[in-house]
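Residues per chain, in single letters:
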Amino acid sequence: MSVWRPCDAVESAVAWKYAIERKDGPSSLIFSRQNLPHQTRDAAQLANIARGGYVLSEAANGKPDTIIIATGSEVGLAMEAQKLLAAKGKNVRVVSMPSTDAFDVQDAAYRESVLPKAVTKRVVVEAGVTDGWYKYTGLSGKVIGLDRFGESAPAGQLFKHFGFTAENVAKAVEEIL
């Protein structure tokens, strides 16, 4: 099963194309109920969406001290957290990872270009189960997720209740730096 959790209409279109063209098994596209912001990308980033994970926003100086990895509706939070942290002089890369299985089969050079081993301070944000994300954060990182059934309420209230805010993501990054 190939699983895709797109962050906007562009990633949704790429996920749909991937699912239609896939010949070796089923695909699952997991969409958000929220209206998600469009993320601006250049041609290289657009091409890399199909690789499952890509650098959506580079650190201001091109040399990240930390990486925020996000998927689906949490990508917008990661982008907001990057701005908060940049205002404090932190160099943060944001990686959108709509499909971990598609990313994991990429060649080592590509995976290294997105998640360099030298940058060990990483935070993952996904409003879902945390288990599978630790392979990207290692022991020195954090995963902001939800390992139990959620609640029923408007999305904004739930995100705040469970700590899925730009401020909380920024705080998690600062805690590991």
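Residues numbered from 1 in each chain as written. Predicted model: local features only at pLDDT ≥ 70, side-chain atom pairs only at ≥ 80, totals over all residues. Heavy atoms only, no water.

**Student:** Please clarify how the overall build of the protein should be interpreted in this entry.
**Tutor:** For the protein, the helix and strand inventory stands at eight helices and seven strands. The C-alpha radius of gyration computed for the protein amounts to 15 Å, which stays within 12% of the reference 16 Å derived for 177 residues, consistent with globular compactness. Taken along the three principal axes of its C-alpha coordinates, the protein extends 45 × 40 × 30 Å. For the protein, buried positions account for 47% of its 177 residues. Of the contacts made within the protein by residues no fewer than 6 positions apart, 68% connect residues no fewer than 24 positions apart. Looking at the protein as shown, the accessible area adds up to about 9,100 Å², and 56% of this sits on carbon and sulfur atoms. The averaged location of the 20 negative side-chain charges in the protein is 2 Å from the averaged location of its 21 positive side-chain charges. (Helix = DSSP H or I, 4+ residues; strand = E, 2+ residues; numbered from the N terminus. Rg over C-alpha atoms; globule rule 2.2 N^0.38 Å. Buried < 20%, exposed > 50% of the residue type's maximum accessible area, 1.4 Å probe, protein only. Contact = heavy atoms within 4.5 Å. Areas by Shrake-Rupley, 256 points an atom, 1.4 Å probe, with all protein chains shown as cover. Lys, Arg positive; Asp, Glu negative; His and termini not counted. Charge placed at Lys NZ, Arg CZ, Asp CG, Glu CD.)

**Student:** What is the right way to look at the environment of Arg111 in this model?
**Tutor:** Structurally, the position occupied by Arg111 is in helix H5 (residues 108–114). Between the alpha carbons of Arg111 and Gly76 there is a distance of 22 Å; along the sequence they are 35 residues apart.

**Student:** How should I be thinking about the packing of helix H3 (residues 74–86) against helix H8 (residues 166–176) in this particular structure?
**Tutor:** Between two packed helices, what matters for the description is the angle formed by their axes and the separation of those axes. Between H3 and H8, the shortest axis-to-axis distance is 8 Å and the interhelical angle comes to 60°. Viewed along their axes, H3 and H8 adopt a mutual orientation that is oblique. Crossing of H3 against H8: the hand is right-handed. Contacts from Leu77, Glu80, Ala81, Leu84 and Leu85 of H3 reach H8 at Ala166, Glu167, Val169, Ala170, Val173 and Glu174. Classifying every residue of the contact of H3 with H8 gives eight nonpolar, no polar and three charged. (Axes fitted to C-alpha atoms, helices over the stretch in contact; angles between N-to-C directions. Parallel < 35°, antiparallel > 145°, perpendicular 65-115°, else oblique. Left-handed = near helix turned anticlockwise from the far one by under 90°. Nonpolar A, V, L, I, M, F, W, Y, C, P; charged D, E, K, R; others polar.)

**Student:** Any chance you could explain the sheet that holds strand S7 (residues 142–144) here in plain terms?
**Tutor:** A sheet is described by the order of its strands in space; here five strands give the open sequence S3-S5-S4-S6-S7, paired in mixed fashion. Across the chains shown, the open sheet's two edge strands, defined by having one partner strand only, are strand S3 (54–57) and S7. Strand-to-strand twist across the sheet, computed as the mean angle between neighbouring axes with direction ignored, equals 30°. (Pairing = 2+ DSSP bridges.)

**Student:** Which parts of the structure should I look at to understand the packing of aromatic side chains?
**Tutor:** Note on aromatic pairs: each is described by the distance of the centres and the angle between the planes. Within the structure shown, the criterion is met by four aromatic pairs. With 5.8 Å between their ring centres and 50° between their planes, Trp133 and Tyr136 make a pair best called tilted. Cluster of aromatic residues (ring-pair linked, three or more members): Phe103, Tyr110, Trp133 and Tyr136. Sitting over the face of the ring of Tyr110, Arg51 holds its NZ or CZ atom 3.8 Å from the ring centroid. (Phe/Tyr/Trp six-rings, centres within 6.5 Å; stacked < 30°, edge-to-face > 60°. Lys NZ or Arg CZ within 6 Å of the ring centre and 35° of its normal.)

**Student:** Mind showing me how you'd approach a nonpolar patch on the surface here?
**Tutor:** A grouping of Met1, Val3 and Ile30 is seen on the molecular surface, where their side chains present a nonpolar patch of about 260 Å² in accessible area. If you trace the backbone, Val3 turns up in strand S1 (residues 2–4). (Patch = residues over 30% accessible without salt bridge, like charges linked within 9 Å, V, L, I, M, F, W, Y side chains within 5 Å. Salt bridge = Lys/Arg side-chain N within 4 Å of Asp/Glu carboxyl O.)

**Student:** Teacher, can you tell me more about helix H1 (residues 9–21) here?
**Tutor:** In an α-helix there are 3.6 residues to a turn, and that puts residues three or four apart on one side. With 13 residues, H1 should reach 18 Å at 1.5 Å per residue; the first-to-last C-alpha distance of 18 Å fits that figure. Within the sequence span of H1, burial applies to Glu11, Ser12, Val14 and Ala15. Seen along its axis, H1 keeps its buried residues to an arc of 165°; they face one direction. Exposed residues on H1 whose side chains face more than 90 degrees from its buried face are Ala9, Trp16 and Ile20. Of the surrounding secondary structure, the elements contacted by the buried residues of H1 are S1, strand S2 (27–29), S3 and strand S5 (92–96). For H1, the N-terminal cap is Asp8; the gap from its side-chain oxygen to the backbone nitrogen of Val10 is 3.2 Å. (Expected span 1.5 Å × (residues − 1). Arc of directions from axis to C-beta. Polar contact = N/O pair within 3.5 Å; in protein donor to acceptor, adjacent residues only side chain to side chain.)

**Student:** Where do I start with the layout of surface pockets in this structure?
**Tutor:** Empty space among the atoms becomes apparent when a probe as large as a water molecule is rolled across them. The space that makes up the second largest pocket amounts to roughly 290 Å³. Together, 14 residues line the second largest pocket, and Arg111, Leu115, Lys117, Arg122 and Lys135 are the ones closest to its centre. Those elements giving two or more residues to the lining of the second largest pocket turn out to be helix H4 (100–104), H5 and helix H6 (134–137). The class makeup of the residues in the lining of the second largest pocket is five nonpolar, three polar and six charged. (1 Å grid on protein atoms, 1.4 Å probe; cavity = no way out; pocket = protein on both sides within 12 Å on 5 of 7 lines; lining within 4 Å. Points joined across faces, edges and corners; volume = space filled by probe spheres on them.)

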